[in-house]
Amino acid sequence: MSSGLPSSDPIVEVINVSKEFRRDQNSIPVLNNVNLQLFRGDYLSLMGPSGSGKTTLLNLLAGLDRPTSGKVLVCGEDLGVLSEGALAKWRSRHVGFIFQLYNLIPVLTAFENVELPLTLTSLSRKERKEHVTTALEVVGLADRMDHFPRQLSGGQEQRVAIARAIVTDPTLLVADEPTGDLDAKSAGEILDLMQRLNSDFQKTIVMVTHDPNAAARAKRTVHLEKGVLVAEPTSVSHSK
Amino acid sequence: MIPVRYNVRNLRVRWMTTLMTVIGTALVVAASVLTLSLIAGIDHALRISGHELDLIALRKGSTDEISSGLEQKVAREVSSLPGIARDAAGQPLCSVEFVTILTKPRRNNQGTTNIIVRGLEPVGRSLRPDFKITEGRDLNPGLNEAITSRQMAERFENLRLGEKLEINKRDFTVVGYFEASGSSAESEVWTDLKDVTLARATPEVATTVNLRAQDMDARKTLIDALENDKRFLMSAVTEIDYFKEQLSASYALWVIGIIIASFLIVGASFAASNTMFAAVASRSREIGTLRALGFDRRAILISFLLESVILCSLGGVLGCICVLPFSGFSTGTANWQQFSEITFSARLSPLVLSAGILLAVGMGLFGGLLPAIRAVGMNIITALRER
Amino acid sequence: MKTFKYIWRNVTRNWIRSSLTILSVGVSLGLMTLLYGFIASQDEWGKEAKKNNRIVVMNVQGFSGQLPIASVDTVRGMQGVDAAVPYSWYGGKYQNKEMPFAQFATDPNEVFNVWPEFTISEEELKAFKENRQGCVVDRRLLAKWGWKVGDRIPLQGTFYPFDLDLQIVGAFDSPQNTDSIWFSWSYLDEGLKQKNFARTGNSGTIFARVGSAEVMPAVIKAIDDRFESSDSPTRSQTEAAFAQMFVDMLGNVRSYIQSIAIAVVFSLSLVTANSMAMSMRERVTEIAVLKAIGFSRLRVLSMILGESMVVTFIGACIGFLIGCMWLQLLNSAIPQYFPFKPAEMIGPWMLTTFVAAAGIGLVSGLIPALKAAQLSVVDGLRRIG
Ligand SMILES: Nc1ncnc2c1ncn2[C@@H]1O[C@H](COP(=O)(O)OP(=O)(O)OP(=O)(O)O)[C@@H](O)[C@H]1O
Ligand SMILES: [Mg+2]
């Protein structure tokens, strides 16, 4: 389904991945033989009806979960063989998260929230400060860094969350419905920001969304339906 | 009113928190109830010891038996006074006794303490409430034999059946256990009057005359007779007054008990408060809904207070159940009056148990008040919007 | 560093919950401090008594038995004994209060030789020896009642039929508050003789000072042997053993206090664990986010343990202060039960409360922390939909 041959090695490779959840005795298949490749600088949007397994796939890409079968390779590394601790370390270096509900830590200021992932690195205080300031400048909130999340609007909160996601300069940005909880204007700003991250900073981004307009901003779009990747939706409900 | 079922359900849903709080409360209630039961035990021991018609005669000026000293010959003459009750055989209920103190080790290396050894004759047994031998046999005079209570045997070295107690280098063999309704006699070792005075190298000496009056009028005349008769140089007090004096032994326990209980109860109320605050916080939308449905502020207040009280009462009941096995558990405390120890048993009377439950209810009310007020103070609109 | 700031923010985010937890820890550890302080003060008493080579002689019958006054001279004359005095408990009422302080009849000429660690000025001691109705008072007692040298202290006898009319001639300094006044034994005895009291010439107990600790057992044996076949056989013991006897009488109280302390610690662990668990339940998503960002299990674990330990530590400090305040209070209110100020018995028992607090923090944080560490990131994130 990917268009054309890769010009270089893919940084994310999903090979024959299946995922099922076990509840009581019966297992629920969620992903079925999914194959996907992402290259440096890719901006992929992932669409599909609710319950189709988008979040599940995203979690697998981000190393939050393990596939039932198949492999997920990121930068040539097989996430399936990493231990829990190694995965945590891997995530801190390679993945930035953007959530629908921002998930900022309410007791920390914008600055501190963005700084949080950096506390896992060996950077000095000064270096951390530089990084955080840069990230906040990128999202345009340098003037709000001493504000607590509840003192910010939803859009601003999401921008802080994006700053937090990019501050470690991760290989991959994953966003699960980043605009799902925002009004059109704020959503537009967030999408602009993400596009800029992709074009100006060559960030590789995977974004789950229900909004076709949002999906249109990505370089390419894939659809998940009942756990299978399809190039175009079978139903025409998602037409522009 | 909001149905109680609603509160019970909520407690069940948050069962982990409920359980923790209940156990915490239970421990506190258990500690308090245990303290109360000990106080009740010592009170009982001293109260049951005093028979309305009984008198204790000591040497003039003595307030306790140890510092008293009488000539046996003189003491025996007391029995000829008019107004003394008689037993079935027609013997006057008047017992000449000798009390001495021994310093003996407690079992399990718990240090030493003073125990009371009382020498007396058979008639003395009828003057104690429901005296009976429960194990072994009564002592035979002249053979250096002794009897004591089972509690004493458990608490002190050398007092079990067959063991030998040394008094001034003479061995007294313990041949039986007795009971006397939990009275202070159960804190003593009994032997024969003659045997113990010989061991102490003070033959012909007694410390106490214990006697029973026929009736209240006779009691009065007997007191006067002993007081005024120059022959005796004695003064008599009623047993009831005598033991009331010794109740001071329980004051220290009272003080300790009250301090411990009040600290613990305050601590536990805070804990209950915590749980209830969490309950209110996690149910703000529910509270909003209830208000929207038309329940008034008072209904909400009562509902949360009730929940808090139920929570703590569960702990109270559990706490009371936990201490039930301690019923009858015997221990001792200093009886400064006699410079010895009084042995007594924890008494989990209904009064003590209900005091425990009452404490728990109090904790519930006290701890639940602030959270309930917070629930009442909530704005309906914001409460409804809460996640 | 950063982590501590975050922990601190977490402690303060739900301030009602944290303060309630801190207070309940504080109150209960306050109780523990008080109880252990009480036990420690009993032990301190014994330790204090060991320092001074004193022997206490009493009748085998205990306090109520008699010791003729002549025995004092006999004891004084024995080998190894430096000084000896009669020491008799008067137990009178002052201003109609039962035993407001301890009153002892003793020998003014010798008493400061038996208690050389107590100091008094030359003139006051001289006055004490010369004034038959004179008494000397512990300086703290003097301050407590607002007395001055020269004041008259009338005491009503309770078991002695003779009332005392004492005059303060001086104040002595002692290492601990003795809460006592000393007056002349002969003043009491002469008074009793006038009243035809049956048991005059009784020294009560005898306190004797011995040259060195080594000879104490020998002297004790010598005294008891000497009086064995007299009318008043004696039981002598070191002052330490004598003090221990009082401590022992509390034997069961002690183990009772210890079981209460165990119950307190246990129920506190529950209380703190409960409050930590409640916090964790509200923070599931947040913890999932932390783990998604790359926080390791150990880090999450230690953050939460840190939080519960901070809470219990603050509680411990407050509790310790409450406990010490009570000890101080009780020391001035009823020095006969609490003879020491908390500052005078600094020792390992203080550590106990802090160790208990740390233990409570650790134990109570452990389950919520482990749960948080085990939490599946995917499930945690799903909680918000
Ligand atoms: N931890 C889990 N345990 C059991 N079932 C799960 C779990 N996670 C997901 N599922 C199931 O897997 C399916 C896909 O879930 P997923 O969250 O990936 O859907 P989604 O495409 O992201 O939907 P939405 O657009 O609503 O977010 C759902 O049916 C869900 O019930
Ligand atoms: Mg989803």
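Below, the discussion takes up the overall build of chain B. The number of helices and strands found in chain B is 12 helices and 14 strands. For 387 residues, the compact-globule estimate of 2.2 N^0.38 gives 21 Å, and chain B exceeds it by more than 25% at 29 Å. In chain B, of all internal contacts separated by at least 6 residues, the share reaching a separation of at least 24 is 78%. Carbon and sulfur atoms make up 60% of the accessible area of chain B, which amounts to about 16300 Å² in all. Taking the average place of the 41 positive charges on the side chains of chain B and the average place of its 38 negative ones, the gap between the two points comes to 12 Å.

With that out of the way, let us pick up the overall build of chain A. Check the secondary structure of chain A and you find seven helices and 10 strands. Over its C-alpha trace chain A gives a radius of gyration of 18 Å, about what one expects of a compact globule, namely 18 Å for 240 residues. Here chain A holds 240 residues, and 55% of them are scored as buried. Across chain A, the fraction of contacts at a sequence separation of at least 24, relative to all contacts at a separation of at least 6, is 70%. A distance of 2 Å separates the average location of the 26 positive side-chain charges in chain A from that of its 28 negative side-chain charges.

Residue and element names in this part refer to chain B. The pairing of strand S5 (residues 132-136) with strand S8 (residues 170-179) spans four bridges and is classified as antiparallel. Its bridge partner being in S8, Ile133 is matched across the sheet by Phe178. In the sheet, strand S7 (residues 164-167) pairs with S8 via four bridges, with the strands oriented antiparallel. Bridge pairing links Ile167 to Arg170 in S8. The loop that links S7 with its antiparallel partner S8 comprises two residues; one of these, Asn168, has a positive phi angle of about 50°.

Let us now look at the interface of chain A and chain C. The partner chain C presents 24 residues to the 27 residues of chain A that form the contact. Interface of chain A and chain C: buried area, both sides summed, is about 2200 Å²; carbon and sulfur atoms make up 66% of it. When the shortest N-O distance is used, the salt bridge between Glu112 of chain A and Arg9 of chain C registers 2.5 Å. Our enumeration of links across chain A and chain C arrives at six residue pairs in polar contact (both at pLDDT 80 or more). Taken together, the residues of the side of chain A that touches chain C sort by class into 13 nonpolar, six polar and eight charged.

With that settled, consider empty space enclosed by the protein. Applying the stated rule across the entire model yields seven cavities of 30 Å³ or more. Contributing to the lining of the second largest cavity are 19 residues, with Gly267, Ala268 and Ala271 of chain B together with Ser267 and Val271 of chain C lying nearest its centre. Elements with a contribution of two residues or more to the lining of the second largest cavity: helix H2 (15-49) and helix H8 (248-282) of chain B together with helix H2 (15-51) and helix H10 (251-282) of chain C. Here the residues of the lining of the second largest cavity are counted per class, giving eight nonpolar, 11 polar and no charged.

This part takes up the pattern of salt bridges. Residues and elements named next belong to chain B. A full pass over the atoms with the stated rule returns 46 salt bridges over all chains. Residue Glu97 pairs with Arg118 through a salt bridge whose shortest N-O separation is 2.6 Å. Of the two residues, Glu97 sits in strand S3 (residues 94-105) while Arg118 sits in strand S4 (residues 112-120), which places them 21 residues apart along the sequence. Here Glu97 falls in the buried class, since its relative accessible area comes to 0%. Assessed through its relative accessible area of 4%, Arg118 is described here as buried. For Glu157, the salt bridge identified is with Arg107, shortest N-O distance 3.8 Å. One end of the pair, Glu157, is in the loop between helix H4 (150-155) and S7; the other, Arg107, is in the loop between S3 and S4, and 50 residues separate them in sequence.

Once that is clear, we can look at the packing of helix H1 (residues 4-13) of chain B against helix H10 (residues 297-323) of chain B. All names here are of chain B. Remark: H1 packs on H10, axes separated minimally by 10 Å, with the N-to-C direction vectors making an angle of 55°. Comparing their axes, H10 and H1 come out oblique. Note on packing geometry: the crossing formed by H1 with H10 is right-handed. Here Val4, Tyr6, Asn7, Asn10 and Leu11 of H1 lie close against H10, whose contacting residues are Ser303, Leu306, Glu307, Ile310 and Leu311. Looking at side-chain class alone, the contact of H1 with H10 contains six nonpolar, three polar and one charged residues.

Moving on: the site of ligand 1. For ligand 1, the set of nearby residues contains 15 residues, the closest of which are Ser50, Gly51, Lys54, Thr55 and Thr56 of chain A. Looking at what sits near ligand 1, you find residues from chains A and C. The separation between a nitrogen atom of ligand 1 and a polar side-chain atom of Asp379 of chain C is 3.3 Å. If ligand 1 stood free it would expose 630 Å²; the protein chains cover 77% of that surface.

We now examine the side chain of Thr18 of chain B. Along the chain, the position of Thr18 of chain B falls in helix H2. Excluding residues within four positions of it along the chain, Thr18 of chain B makes contact with Leu11 and Leu311 of chain B.

It is worth spelling out the environment of Tyr256 of chain C at this point. Residue placement: Tyr256 of chain C occurs in helix H10. Along the backbone, Tyr256 of chain C and Trp182 of chain C are 74 residues apart, and their C-alpha atoms lie at a distance of 36 Å. In contact with Tyr256 of chain C, not counting residues within four places along its chain, are Ala31, Thr35, Leu38, Ile256 and Ile260 of chain B.

Our focus in this paragraph is the environment of Gly162 of chain B. Residues and elements named next belong to chain B. For Gly162, the position within the fold is in the loop between H4 and S7. Residue class for Gly162 comes out partly exposed when judged on its relative accessible area of 46%. Excluding residues within four positions of it along the chain, Gly162 makes contact with Thr173 and Val174.

Moving on, we come to the domain arrangement of chain B. All names here are of chain B. Partitioning chain B into structural domains gives domain 1 (4-47 + 249-385) and domain 2 (61-232). Using only C-alpha atoms to locate each centre, domain 1 and domain 2 end up separated by 45 Å. Taking both sides of the interface into account, the surface hidden between domain 1 and domain 2 amounts to around 1200 Å²; carbon and sulfur atoms contribute 41%. Taken together, the links from domain 1 to domain 2 amount to zero salt bridges.

Parts of the prediction with low pLDDT should not have their coordinates interpreted in detail. Residues and elements named next belong to chain A. Residues at a pLDDT of 70 or more form 93% of chain A, whose mean pLDDT is 87. Looking across chain A, the model is least confident in helix H2 (residues 84-94), with a mean pLDDT of 86, and most confident in strand S8 (residues 204-208), with 95. Across residues 1-6, confidence stays below pLDDT 50; counting only partners more than four residues off in sequence or on other chains, it has four contacts. This stretch, residues 235-240, has a pLDDT under 50; its non-local contacts, to residues over four places away or in other chains, come to three contacts.

The subject of this paragraph is the packing of aromatic side chains. Overall, the coordinates contain 30 aromatic pairs over all chains when judged by the stated rule. Ring plane angle 35° and centroid distance 5.2 Å describe the contact between Phe131 of chain B and Phe178 of chain B, whose orientation is recorded as tilted. Residue Phe131 of chain B is found in the loop between S4 and S5, and its partner Phe178 of chain B is found in strand S8; the two are separated by 47 residues along the sequence. Phe131 of chain B gets classed as buried once you look at its relative accessible area, which sits at 18%. Residue classification places Phe178 of chain B among the buried positions, given a relative accessible area of 1%. Three or more aromatic residues joined by ring pairs form one cluster here, namely Tyr87, Trp89, Phe104, Phe112, Trp115, Phe118, Phe172, Trp182, Phe207 and Phe242 of chain C. For the cation-ring pair, Arg226 of chain C lies above Phe227 of chain C, with the distance from its terminal atom to the ring centre recorded as 5.7 Å. The positively charged end of Arg299 of chain C is found above the aromatic ring belonging to Phe295 of chain C, 5.5 Å away from the centroid.

The subject of this paragraph is the nonpolar core. Ranked by internal contacts, the top residues of the largest apolar core, which has 70 residues, are Ile260 of chain B together with Leu29 and Leu31 of chain C. Not counting residues within four places of it along the chain, the set of residues in contact with Leu31 of chain C comprises Ile259, Ile260, Phe263 and Leu264 of chain B together with Val264 of chain C. Residues Leu58, Leu82 and Phe97 of chain A together with Phe295 of chain C belong to the second largest nonpolar core, which totals 65 residues.

On to the sheet that holds strand S5 (residues 77-78) of chain A, then. All names here are of chain A. The strand order across the open sheet formed by four strands is S2-S1-S4-S5, and the pairing between neighbours is antiparallel. The open sheet has two free edges, formed respectively by strand S2 (26-38) and S5, since each of these has just one partner strand. Contacts between helix H1 (residues 54-61) and the sheet are confined to strand S1 (12-23), S2 and strand S4 (69-74), with S1 contributing the most and set at about 120° to the helix.

Procedures and definitions
- Residues numbered from 1 in each chain as written.
- Chains lettered and ligands numbered in written order.
- Predicted model: local features only at pLDDT ≥ 70, side-chain atom pairs only at ≥ 80, totals over all residues.
- Heavy atoms only, no water.
- Helix = DSSP H or I, 4+ residues; strand = E, 2+ residues; numbered from the N terminus.
- Rg over C-alpha atoms; globule rule 2.2 N^0.38 Å.
- Contact = heavy atoms within 4.5 Å.
- Areas by Shrake-Rupley, 256 points an atom, 1.4 Å probe, with all protein chains shown as cover.
- Lys, Arg positive; Asp, Glu negative; His and termini not counted.
- Charge placed at Lys NZ, Arg CZ, Asp CG, Glu CD.
- Buried < 20%, exposed > 50% of the residue type's maximum accessible area, 1.4 Å probe, protein only.
- Pairing = 2+ DSSP bridges.
- Buried area = accessible area lost by both parts, 1.4 Å probe.
- Salt bridge = Lys/Arg side-chain N within 4 Å of Asp/Glu carboxyl O.
- Polar contact = N/O pair within 3.5 Å; in protein donor to acceptor, adjacent residues only side chain to side chain.
- Nonpolar A, V, L, I, M, F, W, Y, C, P; charged D, E, K, R; others polar.
- 1 Å grid on protein atoms, 1.4 Å probe; cavity = no way out; pocket = protein on both sides within 12 Å on 5 of 7 lines; lining within 4 Å.
- Points joined across faces, edges and corners; volume = space filled by probe spheres on them.
- Axes fitted to C-alpha atoms, helices over the stretch in contact; angles between N-to-C directions.
- Parallel < 35°, antiparallel > 145°, perpendicular 65-115°, else oblique.
- Left-handed = near helix turned anticlockwise from the far one by under 90°.
- Near = heavy atom within 4 Å.
- Domains from an automatic or database assignment.
- pLDDT = per-residue confidence, 0-100.
- Phe/Tyr/Trp six-rings, centres within 6.5 Å; stacked < 30°, edge-to-face > 60°.
- Lys NZ or Arg CZ within 6 Å of the ring centre and 35° of its normal.
- Core = buried A, V, L, I, M, F, W, Y, C linked by side-chain atoms within 4.5 Å.

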